Amino acid sequence: MIRHIACAAATIAVAAAVSGCDSAPPPQANARQVTVVGTGEAQGTPDTVTADVGIEVVAPDATTAMNQTSERQQAVIDALTAGGIDAKDISTTAVNLQPQYGENSVVTGYRAGNNLSVKIRELDNASRALGTIVTTGGDAARINAVSFSIADDSTLVSDARARAFEDAKDRAGQYAELSGMSLGRVISISEAPGNTPPQPFPVPAEARAADVPLQPGQQTVGFSVTAVWELS
């Protein structure tokens, strides 16, 4: 009987030991690691122009101001679509109506304004489109700014991402060599787009569009990659 009790106690002890092993925290991750940040850029020539344009009219009363603004804006839209701009590339971005005050805060009239975003997908057509806006809108036309972009930048994005990773790998390899170790497997990778779109520049409405040189320059697509490697 005593022998059976001893065996049972031993069995319980072994089970408890196994259970204790199962609940033990996992071993700590390999402390020999290197974390680096790599950057990469790729450049391309913009092929799309986006113009921020507006129509602004001042009239003695609100109704007249809004009606004249709407008529001018519709005329501009019709002229742009007749010139080859797709209607889906023209969108209203703002509509406003504000009273104008004179002495003693007396309302002297109303200023109405409508803003449009016009995407021009052919650079060769950009100057002509801006000229159409000025000619059709007349003194009510406003060209606030234009900006350039690349319609499909997927190739540039892939190129910039690859360069960022290679930059990170080169940095990690250098640190491994300096510390007398070898670069192991990649543990983690995270990225952040570093693209900074070109800032739009103002184009005075009183200048004829044909006289305004539109130089697209280069657009840069950038990426920043944070990667962790094991060291051995």
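This text goes with the structure placed above it.
Everything numeric here is computed off the predicted structure, so don't read it as measured data. (Residues numbered from 1 in each chain as written. Predicted model: local features only at pLDDT ≥ 70, side-chain atom pairs only at ≥ 80, totals over all residues. Heavy atoms only, no water.)

Engineer: Can you walk me through the overall build of the protein in this structure?
Structural biologist: Of regular secondary structure, the protein possesses four helices and seven strands. Helices (α) and strands (β) of the protein occur, in sequence order from the N terminus, as α-β-β-α-β-β-α-β-α-β-β. Within the protein, the proportion of its 232 residues that are buried is 30%. If you take every contact in the protein between residues at least 6 apart in sequence, the share linking residues at least 24 apart comes to 84%. Of the roughly 14000 Å² that the protein leaves accessible, carbon and sulfur atoms contribute 52%. (Helix = DSSP H or I, 4+ residues; strand = E, 2+ residues; numbered from the N terminus. Buried < 20%, exposed > 50% of the residue type's maximum accessible area, 1.4 Å probe, protein only. Contact = heavy atoms within 4.5 Å. Areas by Shrake-Rupley, 256 points an atom, 1.4 Å probe, with all protein chains shown as cover.)

Engineer: Honestly, the side chain of Asp89 in this entry has me stumped. Any pointers?
Structural biologist: Along the chain, Asp89 turns up in the loop between α2 (62–82) and β3 (90–101). Setting aside chain neighbours within four positions, we find Asp89 in contact with Ser117, Val118, Lys119 and Arg121.

Engineer: Would you mind going over the sheet that holds strand β4 (residues 107–120) with me for this structure?
Structural biologist: Backbone hydrogen bonds are what pair the strands of a sheet, in a parallel or an antiparallel way. Pairing is antiparallel in the open sheet, where four strands are placed in the order β3-β4-β2-β5. One side of each edge strand has no neighbouring strand; the edge strands of this open sheet are β3 and β5 (141–149). Pairs of neighbouring strands in the sheet enclose a mean axial angle of 15°, with direction left out of account. Relative to β4, β3 runs antiparallel, the two sharing 11 bridges. Paired with Ala94 across the bridge in β4 is Asn115. Running over the sheet, helix α3 (residues 126–137) touches β2 (48–59), β4 and β5 and is turned about 165° from β5. (Pairing = 2+ DSSP bridges. Axes fitted to C-alpha atoms, helices over the stretch in contact; angles between N-to-C directions.)

Engineer: Any chance you could explain the pairing of strand β1 (residues 33–44) here in plain terms?
Structural biologist: Regular strands place their side chains on alternate faces of the sheet. Of the two faces of β1, only one is covered, namely that formed by Val34, Val36, Gly38, Gly40, Ala42 and Gly44; the face formed by Gln33, Thr35, Val37, Thr39, Glu41 and Gln43 stays uncovered. Across 12 bridges, β1 lies against strand β7 (residues 219–231) in antiparallel orientation. Along β7, the bridge assignment pairs Val34 with Trp229.

Engineer: I keep staring at the packing of aromatic side chains and nothing clicks. Help me out?
Structural biologist: Centre distance and the angle of the planes are the two values used to describe a pair of aromatic rings. Overall, the coordinates contain one aromatic pair when judged by the stated rule. One cation-aromatic arrangement involves Arg161 over Phe223; the distance from NZ or CZ to the ring centre is 4.9 Å. (Phe/Tyr/Trp six-rings, centres within 6.5 Å; stacked < 30°, edge-to-face > 60°. Lys NZ or Arg CZ within 6 Å of the ring centre and 35° of its normal.)

Engineer: What is the right way to look at the nonpolar core in this model?
Structural biologist: Generally speaking, soluble globular proteins have nonpolar side chains that are buried together. Judged by nonpolar contacts, the single largest core of 24 residues is most densely connected at Val53, Leu80, Ile90, Val118, Ile120, Leu130 and Ile133. Looking at this core, the elements that each hand over two or more residues are β2, α2, β4, α3 and β5. Residues in contact with Val53, not counting those within four places in the same chain, are Asn114, Asn115, Leu116, Val118, Ile133, Arg142, Ile143 and Asn144. (Core = buried A, V, L, I, M, F, W, Y, C linked by side-chain atoms within 4.5 Å.)

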